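Secondary and tertiary structure notes
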Amino acid sequence: MVRVRSRRTMGRRSYLAITGFAVLYLIGAVYAPRPLWVAGLYLVTSSLCFALYAFDKRRARFGGWRVPERTLLVWGFLGGWPGAIVARQVLRHKTRKVSFARAFWATVVSNVALFVALSTPAFDRLVAEAITSLSTR
């Protein structure tokens, strides 16, 4: 039997990405603490991303200049994806277009993968070695 899921059910599941990232961030904070500005960056870009989605939704309703999808995706990749997830669900915006949804989730996965890579001790050692080699020249 094929089970069809509603958009609402699928939307609620997207919040799991935010929860999973928060858990990953907190676990990472124990083993490889990050500066406070990293959390601030996610908060600011998420707020901005939510505002961009709200602006685009309003323009979609009443006509006028729209925010390009590429702009929404770039801000999501830069760390605004949690705000984008909330905006997509609360505003019911950009939830039907499959090509956008695929690109959006690709930016989420890319951002989280980059965050994980940059949060490893190996990356810290690489940066320290680069700084040492530059300072000895």
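So, here's what we can say about the structure. (Residues numbered from 1 in each chain as written. Predicted model: local features only at pLDDT ≥ 70, side-chain atom pairs only at ≥ 80, totals over all residues. Heavy atoms only, no water.)

**Some points on the nonpolar core**
Convention followed: What is meant by a nonpolar core is a set of buried Ala, Val, Leu, Ile, Met, Phe, Trp, Tyr and Cys residues, joined one to another through side-chain atoms within 4.5 Å. The buried label applies to any residue whose accessible area, calculated with a 1.4 Å probe on protein chains only, is under 20% of its type's maximum; exposed applies above 50%, and partly exposed to all values in between. Helix and strand assignments follow DSSP, with helices taken as H or I runs no shorter than four residues and strands as E runs no shorter than two, numbered in order from the N terminus. The contact criterion used is simple: two residues touch if any of their non-hydrogen atoms lie within 4.5 Å.
Membership of the largest hydrophobic core comes to 18 residues, with the highest contact counts inside it found for Tyr53, Trp81 and Phe104. Secondary structure elements with two or more residues in this core: helix H1 (7-31), helix H2 (36-62), helix H3 (69-90) and helix H4 (98-118). In terms of residues, this core owes the most to one element, H3, which gives six residues. In contact with Trp81, other than residues within four places in its own chain, are Ala17, Ile18, Phe21, Tyr42, Trp75, Gly76, Phe104, Val108, Asn111 and Val112.

**Here's the deal with the packing of H2 against H4**
The test is simple: Lines fitted to the C-alpha atoms define the axes, with helices restricted to the stretch that makes contact. Angles between their N-to-C directions range from 0 to 180 degrees. When an angle is under 35 degrees it counts as roughly parallel; over 145 it counts as roughly antiparallel; between 65 and 115 it counts as roughly perpendicular; any other value is oblique. In this classification, the charged set is Asp, Glu, Lys and Arg, the nonpolar set is Ala, Val, Leu, Ile, Met, Phe, Trp, Tyr, Cys and Pro, and all remaining amino acids, among them Gly, are polar.
In contact at an axis separation of 14 Å, H2 and H4 are set at 170 degrees when each is read in the N-to-C sense. Judged by the angle between their axes, H2 and H4 are roughly antiparallel. Contacts from Val38, Tyr42 and Tyr53 in H2 reach Phe100, Phe104, Asn111 and Phe115 in H4. Grouping the constituent residues of the contact of H2 with H4 by class yields six nonpolar, one polar and no charged.

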